[in-house]
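Structural features, examined
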Amino acid sequence: MQKKILLLGSGELGKEFVIAAQRIGQTVIAVDSYENAPAMQVAHGFEIINMLDGDALDAIVAKHKPDFIVPEIEAIRTERFYDYEKEGITVVPSAKAANFTMNRKAIRDLASKELGLKTANYRYATSSEELQKAVQEVGIPCVVKPLMSSSGKGQSTIKSEEDIEKAWNYAVEGSRGDVVEVIVEAFVKFNSEITLLTVTQNNNPTLFCAPIGHRQERGDYQESWQPARISDKDLFEAQDMAEKVTEALGGAGLFGVEFFLADDGVYFSELSPRPHDTGMVTLAGTQNFNEFELHLRAILSLPIFEIKLEKNGASAVILASENSSNPNYEGLEKIAGLAKTDFRIFGKPTSRPYRRMGVALTNDTLETPIEEIIERAKDASKLVTITYK
């Protein structure tokens, strides 16, 4: 059952997906806007295009005639996906899912207005003036995010009226695609955040991974751990919400569904229709299948009997601090010498401040306190030094 997969976006998540696909004999063509992107380094072939150029996208789909189109990033001309589905190509998880989740407006309105899921109070704004009005309506503090962005880019918290114009400019600067609009969310007084990796299957039940906790800075995750602490009641509520929203979007694959856990229950936050960056903790051997293997198996309609938590684990990011076209890594022998520890260096050809270049991974028994494992991951990540030429 060899299939051809066109991977749209070739970062570190795409690279791990390609490795999973290669292991079971699938063919992958990796696409991105720059040469030597991580997934291109392990794929059968690659294309370099601007994926917001619909004609360029059409051309490579016609050239490669894939069985599956797997989006890995947001900045894609996703409305073309409906046409590809009509041609008999499977868009992962579906054209509807890709279109709705690439835009925070569509997915938030689906969750809140159509499905009735509990979310933060929110408004939209297309100008600095509209943002002023929206902030008055939802109240201060509040969070501002571009409708299209990734890894927290353009996201900021408004703590006073003086922050509004700065938040608008930052959101526009961090926006991906050609949509200049933001979502303004009332600040939820949450105790923690979780990612619930949710696997939808074509002919089998929806499955859930053990919840993943994470800590963010600058809108991007710094450490993630599995399992996150959550009550049975909140977990049931989160699973129910995740099943409703993924069922509404359709298709098969792994979704990263994000929630806030607050005193008054669970709030739906966001959803990604693909492996999630916080889910890199599954590369620490926490589960019988990591998130990339689960995504692939669901796409190919390979039945997944169960998802089993086998170890507690944590991940901690390895960040760049400078701009460079030739980053080098030192200290790998130190991290390699640690027990129950692993790492990934993504192979990104260039660096910039705060760019995620790798990840440290730690695990231990299910009885080991998760806080210990998180600290080990943080310590391990500091052993890797990036040098710049």
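Parameters and conventions
Residues numbered from 1 in each chain as written. Predicted model: local features only at pLDDT ≥ 70, side-chain atom pairs only at ≥ 80, totals over all residues. Heavy atoms only, no water. UniProt positions renumbered as here; feature names shortened; annotations may be inferred. Salt bridge = Lys/Arg side-chain N within 4 Å of Asp/Glu carboxyl O. Helix = DSSP H or I, 4+ residues; strand = E, 2+ residues; numbered from the N terminus. Buried < 20%, exposed > 50% of the residue type's maximum accessible area, 1.4 Å probe, protein only. Phe/Tyr/Trp six-rings, centres within 6.5 Å; stacked < 30°, edge-to-face > 60°. Lys NZ or Arg CZ within 6 Å of the ring centre and 35° of its normal. Pairing = 2+ DSSP bridges. Contact = heavy atoms within 4.5 Å. Axes fitted to C-alpha atoms, helices over the stretch in contact; angles between N-to-C directions. Expected span 1.5 Å × (residues − 1). Arc of directions from axis to C-beta. Right-handed = clockwise from strand over helix to strand, strands pointing away.

Per an unreviewed UniProt entry, the protein chain is named Formate-dependent phosphoribosylglycinamide formyltransferase, and its organism is Flavobacterium arsenatis. Under the heading Catalytic activity (unreviewed entry), UniProt records this for the protein chain: "N(1)-(5-phospho-beta-D-ribosyl)glycinamide + formate + ATP = N(2)-formyl-N(1)-(5-phospho-beta-D-ribosyl)glycinamide + ADP + phosphate + H(+)".

**Comments concerning the pattern of salt bridges**
Inspection of every chain in the model, using the stated rule, returns 28 salt bridges. Residue glutamate 181 pairs with lysine 105 through a salt bridge whose shortest N-O separation is 3.1 Å. Residue glutamate 181 is found in the loop between helix H7 (163-174) and strand E9 (182-186), and its partner lysine 105 is found in helix H5 (residues 104-114); the two are separated by 76 residues along the sequence. On the basis of relative accessible area, glutamate 181 is assigned to the buried category, the value being 15%. Across the salt bridge formed by arginine 229 and glutamate 371, the nearest N and O atoms sit 2.4 Å from each other.

**Some points on the packing of aromatic side chains**
Here the distance between the centres and the angle between the planes together describe a pair of aromatic rings. Counted under the stated rule, the structure contains five aromatic pairs. Ring geometry for tyrosine 122 against tyrosine 124: centres 5.6 Å apart, planes inclined by 65 degrees, an arrangement best described as edge-to-face. By way of ring pairs, the aromatic residues Phe187, Phe190 and Phe260 are connected into one cluster. The side chain of arginine 108 reaches across the aromatic face of tyrosine 122, ending 5.2 Å from its centre. Here the basic side chain of lysine 118 rests over the ring of tyrosine 267, its NZ or CZ set 4.9 Å away from the ring centre.

**Topic: the sheet that holds strand E1 (residues 4-8)**
Read from one edge to the other, the open sheet built from five strands follows the order E3-E2-E1-E4-E5, with strand pairing classed as parallel. Sheet topology places strand E3 (45-48) and strand E5 (90-91) at the edges, where each strand pairs with a single neighbour. Sheet topology note: the strand E4 (residues 68-71)/E5 ladder contains two bridges and is parallel. The residue of E5 that forms the bridge with phenylalanine 68 is threonine 90. Its contacts with the sheet place helix H1 (residues 12-23) against E1, strand E2 (27-32) and E4, and it is angled at close to 170 degrees to E1.

**Details of H7**
Here H7 contains twelve residues, and its C-alpha end-to-end distance of 16 Å stays within 8% of the 16 Å for a straight helix at 1.5 Å per residue. Burial in H7 covers these residues: Asp163, Ile164, Ala167, Trp168, Ala171 and Gly174. All buried residues of H7 fall inside an arc of 140 degrees around its axis, so they share one side. With respect to the buried face of H7, the exposed residues turned more than 90 degrees away are Glu165, Lys166 and Glu173. Residues of H7 that are buried make contact with strand E6 (122-125), helix H6 (128-138), strand E7 (142-146), strand E8 (156-158) and E9.

**Some details on the pairing of E4**
Judged by which residues are buried, E4 turns out to be covered on both faces: Phe68 and Val70 on one side and Ile69 and Pro71 on the other are all buried. As paired strands, E1 and E4 are joined by four bridges and run parallel to one another. Along E4, the bridge assignment pairs leucine 8 with proline 71. The parallel pair E4 and E5 is bridged by helix H3 (residues 81-86), and the resulting crossover is right-handed.

**Regarding the sheet that holds E7**
The strand order across the open sheet built from four strands is E6-E9-E7-E8, with neighbouring strands paired in antiparallel fashion. Two strands lie at the open edges of the sheet, namely E6 and E8, each paired on one side alone. Along the sheet, successive strands turn relative to each other by an average axial angle of 30 degrees, direction set aside. Inspection of the sheet shows E7 paired to E8 by three bridges, in the antiparallel sense. Across the sheet, residue valine 144 finds its bridge partner in E8, namely serine 156. Running over the sheet, H5 touches E6, E7 and E9 and is turned about 150 degrees from E6. Across the face of the sheet, H6 comes into contact with E6, E7, E8 and E9 while running at roughly 175 degrees to E6.

**Points about the pairing of strand E10 (residues 190-200)**
With respect to burial, E10 is a largely interior element, eight of its eleven residues being buried. The sheet contact formed by E10 and strand E14 (residues 253-262) spans ten bridges and is antiparallel. Bridge pairing in E14 places isoleucine 194 opposite phenylalanine 259. In this structure, E10 lies alongside strand E12 (residues 212-217), joined through two bridges in antiparallel fashion. Across the sheet, the residue bridging to isoleucine 194 is glycine 213, located in E12.

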